[in-house]
Amino acid sequence: MSNQLRQTSTSLKVLSYFLNDIGTKRSGAEVTLATNVASGTLYPLLARFEKAGWLASEWENTSPVELGRPRRRFYRLTGQGQTCARTALAEIQFGGALSWQP
């Protein structure tokens, strides 16, 4: 598992979103709405973070029939992800303030 993933402004925006409420499980749809990152960009990014050990995910346990919709997959930062996300975000700081806003 790698601590060195190439970061883009989009990946940093997603990491920042997860850091804002550590431990909360978020669906991809929630992340898309909060970050304005298109699903075609977001899901490969989430998969990359999960493969690196930065995110963990799990499917809803309820049947889609009971839900009346497809099951959702929920993502959350791991301990390693928290550390790596903070490090990645700290690397873009200038004078103690982020150079961009999520």
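Residues numbered from 1 in each chain as written. Predicted model: local features only at pLDDT ≥ 70, side-chain atom pairs only at ≥ 80, totals over all residues. Heavy atoms only, no water.

## What about the overall build of the protein chain?
Line of reasoning, step 1. Helix and strand counts for the protein chain come out as five helices and five strands.
Line of reasoning, step 2. Across the protein chain, helices and strands are ordered from the amino to the carboxyl terminus as α-β-α-α-β-α-β-α-β-β.
Line of reasoning, step 3. The burial tally for the protein chain puts 36% of its 102 residues in the buried class.
Line of reasoning, step 4. Roughly 6,100 Å² of accessible area belongs to the protein chain as shown, and the carbon and sulfur atoms make up 51% of that amount. (Helix = DSSP H or I, 4+ residues; strand = E, 2+ residues; numbered from the N terminus. Buried < 20%, exposed > 50% of the residue type's maximum accessible area, 1.4 Å probe, protein only. Areas by Shrake-Rupley, 256 points an atom, 1.4 Å probe, with all protein chains shown as cover.)

## Regarding the packing of helix 1 (residues 9–19) against helix 2 (residues 28–35)
Line of reasoning, step 1. Here helix 1 crosses helix 2 at 110 degrees, and the two axes come no closer than 10 Å. Considered as vectors, helix 1 and helix 2 are oriented roughly perpendicular to each other. Both helix 1 and helix 2 take part in a crossing whose hand is right-handed. Contacts from Lys13, Val14, Tyr17 and Phe18 of helix 1 reach helix 2 at Glu30, Val31, Ala34 and Thr35.
Line of reasoning, step 2. Of the residues contributing to the contact of helix 1 with helix 2, the split by class is five nonpolar, one polar and two charged. (Axes fitted to C-alpha atoms, helices over the stretch in contact; angles between N-to-C directions. Parallel < 35°, antiparallel > 145°, perpendicular 65-115°, else oblique. Left-handed = near helix turned anticlockwise from the far one by under 90°. Contact = heavy atoms within 4.5 Å. Nonpolar A, V, L, I, M, F, W, Y, C, P; charged D, E, K, R; others polar.)

## Focus: the sheet that holds strand 3 (residues 73–77)
In a beta sheet, neighbouring strands pair by backbone hydrogen bonds and run either parallel or antiparallel.
Line of reasoning, step 1. Pairing is antiparallel in the open sheet, where three strands are placed in the order 1-3-2. In the strand order of this sheet, the two ends are held by strand 1 (26–27) and strand 2 (55–59), each with one partner.
Line of reasoning, step 2. Examined bridge by bridge, strand 1 and strand 3 share two bridges and lie antiparallel to one another. Within the sheet, the bridge partner assigned to Arg26 lies in strand 3 and is Tyr75.
Line of reasoning, step 3. Against the sheet, helix 3 (residues 39–51) contacts strand 2 and strand 3, and its axis sits at roughly 115 degrees relative to strand 2. (Pairing = 2+ DSSP bridges.)

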